[in-house]
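Chain by chain, the residues:
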Amino acid sequence: MGFKQAEAAGQFLQHVKFTHVFSSDLQRAKQTAAVILANNWHKDLEIIYDTRLRERKYGVAEGNPLSQLRAMAKAAGTQCPSFTPPGGETLEQVRNRIKDFFQYVCQLIMDQYSQQSHPRQVQRATASNGFQTVSDTFSVQKSHLDDSNISSVTQDSDVDLVAQVLVVSHGAYMRTWIKYLVDELHCTFSPDLTKSQIFSGSPNTGISNFIVSLEAENCKPDINCIYINKHEHLETVNIAIDFSPQQGALDI
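So, here's what we can say about the structure. Quantities reported herein were computed from a predicted structural model and do not represent experimental measurements.

What follows concerns the overall build of the protein. Tallying secondary structure elements over the protein gives six helices and seven strands in all. Along the chain direction, N to C, the helices and strands of the protein fall in the order α-β-α-β-α-α-β-β-α-α-β-β-β. The contacts of the protein with a sequence gap of at least 6 include a subset with a gap of at least 24, amounting to 78%. Accessible surface for the protein amounts to roughly 12,000 Å². Of this, 50% is attributable to carbon and sulfur atoms.

Next up on the list: the environment of Tyr-173. Structurally, Tyr-173 is set in helix 5 (residues 171–183). Sequence separation of Tyr-173 and Arg-56 is 117 residues, and the distance between their C-alpha atoms is 5.8 Å. If we skip the residues at most four places from it in the chain, Tyr-173 touches Arg-52, Leu-53, Arg-54, Glu-55, Val-94, Arg-97, Ile-98 and Phe-101. At a separation of 2.8 Å, a polar atom in the side chain of Tyr-173 contacts the main-chain carbonyl oxygen of Arg-52.

The side-chain alternation of strand 1 (residues 20–23) yields two buried faces, one formed by His-20 and Phe-22 and the other by Val-21 and Ser-23. Relative to strand 2 (residues 47–49), strand 1 runs parallel, the two sharing three bridges. What sits directly across from Ser-23, in strand 2, is Tyr-49. With helix 2 (residues 27–39) bridging strand 1 and the parallel strand 2, this β-α-β connection has right-handed handedness.

The N-to-C vectors of helix 1 (residues 2–12) and helix 2 enclose an angle of 40°; their axes lie 8 Å apart at closest approach. Considering their axes alone, helix 1 and helix 2 lie oblique with respect to each other. The chirality of how helix 1 crosses helix 2 is right-handed. For the pair helix 1 and helix 2, the contacting residues are Phe-3, Ala-6, Glu-7, Gly-10 and Gln-11 in the first and Gln-31, Thr-32, Val-35, Ile-36 and Asn-39 in the second. When the residues that make up the contact of helix 1 with helix 2 are grouped by side-chain class, the tally is four nonpolar, five polar and one charged.

Turning next to helix 4 (residues 91–113). The terminal C-alpha atoms of helix 4 lie 33 Å apart, and with 23 residues this matches the ideal 33 Å at 1.5 Å per residue to within 8%. Within helix 4 the residues assigned to the buried category are Val-94, Arg-95, Arg-97, Ile-98, Phe-101, Phe-102, Val-105, Cys-106, Leu-108, Ile-109, Met-110 and Tyr-113.

Our next topic: the packing of aromatic side chains. In this structure the tally under the stated criterion is seven aromatic pairs. Arranged with centres 6.5 Å apart and planes meeting at 85°, the rings of Phe-189 and Phe-210 form a pair that is edge-to-face. Of this pair, Phe-189 sits in the loop between helix 5 and helix 6 (195–198) while Phe-210 sits in strand 5 (residues 207–215); the two residues are 21 residues apart in sequence, bridging distant segments of the chain. Both residues of the pair, Phe-189 and Phe-210, belong to the buried class. Clustering of aromatic rings is evident, with ring pairs tying together Phe-22, Phe-101, Phe-102, Tyr-104, Tyr-173, Trp-177 and Tyr-180. Positioned above the aromatic ring of Tyr-49 is the side chain of Lys-30, whose terminal nitrogen or guanidinium carbon lies 4.9 Å from the ring centre. Stacked on the ring of Phe-199, the Lys or Arg Lys-179 has its end atom at 5.1 Å from the ring centre.

Before going further, it helps to examine the pattern of salt bridges. Evaluated as defined, the whole model comprises nine salt bridges. Of the charged contacts, one joins Arg-52 and Asp-100 as a salt bridge, the two residues approaching to 2.9 Å between their closest N and O atoms. Of this pair, Arg-52 sits in the loop between strand 2 and helix 3 (66–75) while Asp-100 sits in helix 4, and the two are 48 residues apart along the sequence. Residue Asp-100 is classed as partly exposed on the basis of its relative accessible area, which comes to 40%. Linking Glu-89 and Arg-97 is a salt bridge whose minimum nitrogen-to-oxygen distance equals 2.9 Å. Since its relative accessible area comes to 9%, Glu-89 is described here as buried. Each member of the salt-bridge network shares a partner with another, and the members are Arg-95, Lys-99, Lys-179, Asp-183 and Glu-184.

How each quantity is defined
Residues numbered from 1 in each chain as written. Predicted model: local features only at pLDDT ≥ 70, side-chain atom pairs only at ≥ 80, totals over all residues. Heavy atoms only, no water. Helix = DSSP H or I, 4+ residues; strand = E, 2+ residues; numbered from the N terminus. Contact = heavy atoms within 4.5 Å. Areas by Shrake-Rupley, 256 points an atom, 1.4 Å probe, with all protein chains shown as cover. Polar contact = N/O pair within 3.5 Å; in protein donor to acceptor, adjacent residues only side chain to side chain. Buried < 20%, exposed > 50% of the residue type's maximum accessible area, 1.4 Å probe, protein only. Pairing = 2+ DSSP bridges. Right-handed = clockwise from strand over helix to strand, strands pointing away. Axes fitted to C-alpha atoms, helices over the stretch in contact; angles between N-to-C directions. Parallel < 35°, antiparallel > 145°, perpendicular 65-115°, else oblique. Left-handed = near helix turned anticlockwise from the far one by under 90°. Nonpolar A, V, L, I, M, F, W, Y, C, P; charged D, E, K, R; others polar. Expected span 1.5 Å × (residues − 1). Phe/Tyr/Trp six-rings, centres within 6.5 Å; stacked < 30°, edge-to-face > 60°. Lys NZ or Arg CZ within 6 Å of the ring centre and 35° of its normal. Salt bridge = Lys/Arg side-chain N within 4 Å of Asp/Glu carboxyl O.

This is the structure in structure tokens:
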């Protein structure tokens, strides 16, 4: 069923003209990224596989059901998300990977466009808990989008997107990414979203969309979440949504 989910996500994102595609080098994410690009109208892109996008390592709990991880956390007297099984990766270690990758991509975009005739402010779509995607928003500040024309942001809007970046990673990893965006970079969300909605687990192939504004003089980007963990594209896929840590997530 994973391929059907990826196919549905690819159909949803088919009109987005991605300039960069990054994926975890683990098989499931690689397959998802390939299916998305196969459905995209602009498919002549190289997928960059990056080990920094790998799922959190769960040590002795690797590959086991989420219920077993919860039981181990309960026995240790701690909450499941912050629990580190023996041999596993701490949340701080995951966050360091995320920070390193995000800063790398931001610098890459700045370097590639610094010699071109773009405004000093560089805006790009970046990913969180799913894909990096671009929707038909007419303002970076707009919080509710109509998905009828996902490519219109690049054609009709006032938002100057010099790059559109697709990132394909994994559920627990992307959840930590969201925490990083909120805690350290002060990402803004729609006021209608609750904390539980923002930090909830993403369904497999859930899609999130962020607009990131970069300025050469400012080391911290300005980040606005357009939507998070979108999964309407799965309505036609007759499966039960699984939120286990091994599920992939698409971040944008």
